[in-house]
Amino acid sequence: MHLAAFLNAGPMGTSGWRHPDANPGFLTAGYYRHVAKLLEAARFDLAFIPDALSVPRSLGGSFAPAVQWGSGTPRLDPLVILGVMAGVTEHIGLAATLSTGYHEPFHLARALATFDHISDGRAGWNIVTSFQNAEAQNFGQPSLPPRDARYARAEEVLSAATQLWDSWDDGVLLQNKETGEFGSPEKVRSVDYRGEYVSTQGPLNVPRSPQGYPLLIQAGASPSGRDFAARWADVIFAAMNHWILPSRFIRR
Ligand SMILES: Cc1cc2nc3c(=O)[nH]c(=O)nc-3n(C[C@H](O)[C@H](O)[C@H](O)COP(=O)(O)O)c2cc1C
């Protein structure tokens, strides 16, 4: 059996913060260090932090209910939090949600390669295309693009990011203090990726990380989401609600 913990980089759950024993310190590093040590001692395989790039406006178009009742907000930057958790653990896998909709592949590839290095090969990426209008509006778009366009962009982002991760072979760094040779340029190459949504020249400015690619996680449920997950993911999050199954699969 493998155990994965679904955490928040903020209050835990919509009402978990009200529990009499709940620690209110989610803005402090000590809070996440404590959670990380607990999970590692309990032999968890993975700590996962979901994310969204907005204060939700899903209730009546206003962010006020989210702030008033602590629903989906605040959300701290998950990779920063995972960096803190990596510093006090050795074994547990550490995964964060990062959106393909509002980041460039160079940013994503660089941040995740950096995190894979500093965690000694424990980085995971939950690849999402994001689903809130408020997220699109935080990045200059009038509303959420249609799902097929979101997954078409995600496909390009993954193609570009994997090529950036592959732009350094293993063993580039020589750091030869005698000769002054720092690295082997023949083991690094350009990417020159040109897509409809994203383009990047490369190479990445971070050497190949211990895992090569981070663990790739995806949770697509629509036909395009499931196709994408099947192509790219090492781990698939599946929320199998009975109402999306044909009736012959439902036991009454
Ligand atoms: C366990 C789980 C975790 C998820 N985490 C996030 C997340 O952190 N951020 C996000 O925008 N979407 C998240 N999603 C939503 C999925 O990325 C996806 O959009 C959703 O399952 C619907 O599938 P579709 O994109 O194919 O329509 C999560 C879904 C599941 C089941």
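Provided above is the structure to which this section pertains.
In every chain, residue numbers begin from 1 and rise along the written sequence. Reporting in this predicted model follows two pLDDT cut-offs: at least 70 for local features of residues, and 80 or more for side-chain atom pairs to be given and counted; totals over whole chains, interfaces and linings ignore these cut-offs and use all residues. Just so you know, side-chain values use all the structure's heavy atoms and leave hydrogens and water out.

Explain the packing of helix 3 (residues 78-87) against helix 4 (residues 105-118) to me, please; I cannot follow it from the model alone.
Two measures define how a pair of helices packs: the angle their axes make with one another and the distance between the axes. Angles run from 0 to 180 degrees between N-to-C directions of axes, and those axes are lines fitted to C-alpha atoms, restricted for helices to the stretch in contact. Going along the chain from the N terminus, every DSSP run of H or I of four or more residues is numbered as a helix, and every run of E of two or more is numbered as a strand. Put simply, helix 3 and helix 4 touch, their axes get as near as 10 Å, and they point 10 degrees apart. In this view, helix 3 runs roughly parallel relative to helix 4, as classed from their interaxial angle. Between helix 3, through Leu 79, Leu 82, Gly 83 and Ala 86, and helix 4, the contact on the second element is made entirely by Ala 111, Phe 115 and Ile 118. Under the convention adopted here, Pro, Cys and the residues Ala, Val, Leu, Ile, Met, Phe, Trp and Tyr are nonpolar, Asp, Glu, Lys and Arg are charged, and Gly plus all remaining residues are polar. Of the residues in the contact of helix 3 with helix 4, the class split is six nonpolar, one polar and no charged. Here the word oblique covers every angle except those under 35 degrees (roughly parallel), over 145 (roughly antiparallel) and from 65 to 115 (roughly perpendicular). Any two residues whose heavy atoms approach within 4.5 Å at even a single point are treated as in contact.

Explain the site of the ligand here, please?
Note on terminology: near, applied to a residue and a molecule or strand, indicates that one of the residue's heavy atoms is within 4 Å of it. Neighbouring the ligand are 17 residues, the closest being Thr 97, Arg 147, Tyr 151, Ala 219 and Ser 222. Counted as a polar contact is a pair of N or O atoms within 3.5 Å, where, for protein atoms, one must be capable of donating a hydrogen and the other of accepting one, and residues adjacent in sequence contribute only when both atoms are in side chains. Here Ala 221 contributes a backbone N or O atom positioned 2.9 Å from an oxygen atom of the ligand. About the coverage of the ligand: the protein hides 80% of its 620 Å² of free accessible area. Contributions of two or more residues to the shell around the ligand are made by strand 4 (123-128) and helix 6 (147-165). Here the accessible surface of atoms and residues is derived via Shrake-Rupley with a 1.4 Å probe, and residues count as covered only by protein chains that are part of the display.

Hey, could you run me through the sheet that holds strand 2 (residues 46-49) in this one?
Picture the strands of a sheet paired through backbone hydrogen bonds; they go either parallel or antiparallel. Strands qualify as paired when DSSP identifies two bridges or more between them. In space, the six strands of this open sheet follow the order 1-2-3-4-7-8, with parallel pairing throughout. This sheet does not close on itself; its edge strands, each paired only once, are strand 1 (4-6) and strand 8 (235-236). Examined bridge by bridge, strand 7 (residues 215-218) and strand 8 share two bridges and lie parallel to one another. Its bridge partner being in strand 8, Gln 218 is matched across the sheet by Ile 236.

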